[in-house]
Amino acid sequence: MDKRKIKRQNRQAMTAGYYFDNAATTLISEAALKTYTETARDYFGNPSAAHREGAKAHACLEECRKDIAGYLGIRPSSLFFTSGATEAISIVFSSLLHAKRPGRVITSAIEHEAVLGWKGILTELGWKFDTLRAKGGFVKAEDLEAALDEDVRLVAVQLVNNVTGAIQDIPSLVNVVRKAEERYGRRIFFFCDSVQALGKIQFSLSGLDVDGASFSAHKIRGPRGIGALYLKKGDIQVLSKAGGQERGVRGGTENLPAIAAFRTALLEDHHRESAERLCSRLRSELEGAGIRMLSPAEQHSPYILSFTTPLPSEVLTRMMADKGYCISSGSACSNNARGKAEGVILAMGFSSKDAGGAIRVSFCGEESEESVSALAEEIIRAVSGFRR
Ligand code: PLP
């Protein structure tokens, strides 16, 4: 297909409105794409090389680190580039394998699979891996407090849920963990997967007082295959230092074009007010037609809205796909998306019938109000056709 036609279609996907799956991934922004190609061309040296091109690339890398760290309100030396959030999470979880004896990990049952996937590996090695329920979408500080004991080494609770957009009260959860540290006289690492929060809700990492956090560029109109790990203290034990890049936390030649494009995408406007308007419009139009929300009404990211209908989710997503809409039955960034979303919705206390009809619509904030109303209309038409 001709390049101009693809470009026009991609822009239409975002603005004229048929792409509503931005929590899975986003269309890279024009500015980020431009940065990517320019950096690949103009800063091609290996940042570790001792010659002029290497020094130029190294300076660019450190500029990007400074700007992204500045945005997050942290020291540049506490930010490490990775291939994405999954790898950032793996660095933290795999560090447990250095422990002299297995201990306990506590997470929530609504974490992304990149966290929950560690259950199999760790339990096989004798670790206890406990998942807290999240009634209504939220992890309760009392539940975490009751679950903590002196064997716990790591607590992992996300900031924004990728299925419902629920925003966790991280400060109160961290507070409980800090008290337990005092009680047991040992360090407990608090990890916060912040992928769906970056650029979308306001937070300060130092304010949250977490020990580690993960980020990903492709959820904010940056490129795939680039993300970051925040470590309050850089003293984590990693499985392999490889070539020693990223101060030994993540070896391997840095993906500088992607890192630079990540910075560009992050510093762009994320259209938060518009996302709020679009989200509340969709919510009220669907609720007006008797469709039940799964996303909470408060403490909620306006970029994600989940609801349930009597139609099985794969039937409704297929019907919408036939009309040209991209929506999802849950966490479409992994296989068996429906199963993963169902786990989250069941852990929130909804029935399996509600979970079976779960649909996620996610915005980038640049969609038009008309396109959101048109989507709502199609959903309502499909559901009322089924009810009849
Ligand atoms: N955590 C959450 C909450 C996510 O939504 C995702 C992406 O789907 C990830 C982690 C994994 O991110 P990445 O694709 O950068 O590995």
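Residues numbered from 1 in each chain as written. Predicted model: local features only at pLDDT ≥ 70, side-chain atom pairs only at ≥ 80, totals over all residues. Heavy atoms only, no water.

Side note on the sheet that holds strand β4 (residues 152-156)
Strands in a sheet are paired, the pairing made by backbone hydrogen bonds, and the direction either parallel or antiparallel.
Inference 1: One open sheet holds the 7 strands; their spatial order is β1-β7-β6-β5-β4-β2-β3, and the pairing between them is mixed. Of all strands in the sheet, those bounded by a partner on one side alone are β1 (79-82) and β3 (128-132). Taken pair by pair, the neighbouring strands of this sheet meet at an average axis angle of 20 degrees, ignoring direction.
Inference 2: Two elements, strand β2 (residues 104-108) and β4, share 4 bridges in a ladder whose sense is parallel. Within β4, the residue paired with T107 across the bridge is A156. (Pairing = 2+ DSSP bridges. Helix = DSSP H or I, 4+ residues; strand = E, 2+ residues; numbered from the N terminus. Axes fitted to C-alpha atoms, helices over the stretch in contact; angles between N-to-C directions.)

Notes on the packing of aromatic side chains
Inference 1: Evaluation of the coordinates by the stated rule reveals 3 aromatic pairs.
Inference 2: Ring geometry for F20 versus Y325: centroids 6.3 Å apart, planes at 40 degrees, classification tilted. Linking F20 in the loop between α1 (3-17) and α2 (30-42) with Y325 in the loop between α12 (313-322) and α13 (337-347), this pair joins segments that are 305 residues apart in sequence.
Inference 3: For F20, a relative accessible area of 0% puts it in the buried group.
Inference 4: A ring pair is formed by F20 and F363, whose centres lie 6.1 Å apart and whose planes are at 90 degrees; its orientation type is edge-to-face. Of the two residues, F20 is situated in the loop between α1 and α2 and F363 in the loop between β10 (358-362) and α15 (369-387); the sequence distance between them amounts to 343 residues. F363 carries the same exposure label as F20, and that label is buried. (Phe/Tyr/Trp six-rings, centres within 6.5 Å; stacked < 30°, edge-to-face > 60°. Buried < 20%, exposed > 50% of the residue type's maximum accessible area, 1.4 Å probe, protein only.)

Quick notes on the environment of L266
Inference 1: As for its placement among the helices and strands, L266 is situated in helix α10 (residues 256-267).
Inference 2: Judged by its relative accessible area of 1%, L266 falls in the buried class.
Inference 3: The spacing of L266 and R221 is 45 residues in sequence and 8.1 Å in space, taken between C-alpha atoms.
Inference 4: Excluding its chain neighbours within four sequence positions, the residues that come into contact with L266 are I68, Y71, L198 and I220. (Contact = heavy atoms within 4.5 Å.)

A closer look at the packing of α2 against α10
Working note: a packed helix pair is described by the angle between its axes plus the distance between those axes.
Inference 1: Contact geometry of α2 with α10 gives a least axis separation of 8 Å together with a crossing angle of 150 degrees. Here α2 is positioned roughly antiparallel relative to α10, judged by the angle of their axes. By crossing handedness, the relation of α2 to α10 is classed as right-handed. Contact with α2, carried on its side by A31, A32, T35, Y36, T39 and A40, involves L256, P257, A258, A260, A261, T264 and A265 of α10 and no other residues of that element. (Parallel < 35°, antiparallel > 145°, perpendicular 65-115°, else oblique. Left-handed = near helix turned anticlockwise from the far one by under 90°.)

Here's the deal with the sheet that holds strand β8 (residues 292-293)
Inference 1: Overall, antiparallel pairing links the 3 strands, which are arranged β8-β9-β10 in an open sheet. Across the chains shown, the open sheet's two edge strands, defined by having one partner strand only, are β8 and β10.
Inference 2: Where strand β9 (residues 304-308) lies against β10, 5 bridges are found, and the strand directions are antiparallel. Counterpart to L305 in the pairing with β10 is V361.
Inference 3: With respect to the sheet, helix α11 (residues 272-288) is in contact with β8, β9 and β10, its orientation differing from that of β9 by roughly 10 degrees.

Re α11
Inference 1: Taking 1.5 Å per residue, 17 residues should reach 24 Å; α11 reaches 24 Å between its end C-alpha atoms and fits that length.
Inference 2: Those residues of α11 hidden inside the fold are in contact with β8, β9, β10 and α15. (Expected span 1.5 Å × (residues − 1).)

Remarks on a nonpolar patch on the surface
Inference 1: Together, L97, I121, L125 and L239 line one region of the surface with nonpolar side chains, adding up to about 350 Å² of accessible area.
Inference 2: Within the secondary structure, I121 sits in helix α6 (residues 118-124).
Inference 3: Note on I121: relative accessible area 40%, which makes it partly exposed. (Patch = residues over 30% accessible without salt bridge, like charges linked within 9 Å, V, L, I, M, F, W, Y side chains within 5 Å. Areas by Shrake-Rupley, 256 points an atom, 1.4 Å probe, with all protein chains shown as cover. Salt bridge = Lys/Arg side-chain N within 4 Å of Asp/Glu carboxyl O.)

With respect to the pairing of β4
Inference 1: Across the 5 residues that make up β4, a large majority, 5, are buried.
Inference 2: Two elements, β4 and strand β5 (residues 189-193), share 3 bridges in a ladder whose sense is parallel. Of the residues in β5, the one forming a bridge with V155 is F190.
Inference 3: In this fold, β4 hands off to helix α8 (residues 170-184), which returns the chain to β5; that crossover is right-handed. (Right-handed = clockwise from strand over helix to strand, strands pointing away.)

Looking at the pattern of salt bridges
Inference 1: Going through the model one piece at a time under the given rule, you end up with 25 salt bridges.
Inference 2: The salt bridge partner of R277 is E369, with a shortest N-O separation of 3.0 Å. Here R277, found in helix α11, pairs with E369, found in helix α15; they are 92 residues apart in sequence, far enough to count as distant.
Inference 3: Overall, E369 belongs to the partly exposed group, its relative accessible area being 24%.
Inference 4: A salt bridge links R292 to D354, with the nearest nitrogen and oxygen atoms 2.7 Å apart. With R292 in strand β8 and D354 in helix α14 (residues 352-356), the pair connects residues that are 62 residues apart, well separated along the chain.

Thoughts on the confidence of the model for the protein
Inference 1: Put simply, the protein has an average pLDDT of 93, and 93% of its residues get 70 or more.
Inference 2: Here residues 331-336 is a poorly scored stretch, pLDDT under 50, and it has 16 contacts once near neighbours within four places are set aside; other chains count. (pLDDT = per-residue confidence, 0-100.)

Observations regarding the side chain of R178
Inference 1: Within the secondary structure, R178 sits in helix α8.
Inference 2: Reaching out from R178, the side chain makes a polar contact with the side chain of D211 at a distance of 3.1 Å.
Inference 3: In this view, R178 contacts I188, F190, D209, V210, D211 and K232; residues no more than four positions away in its chain are not counted. (Polar contact = N/O pair within 3.5 Å; in protein donor to acceptor, adjacent residues only side chain to side chain.)

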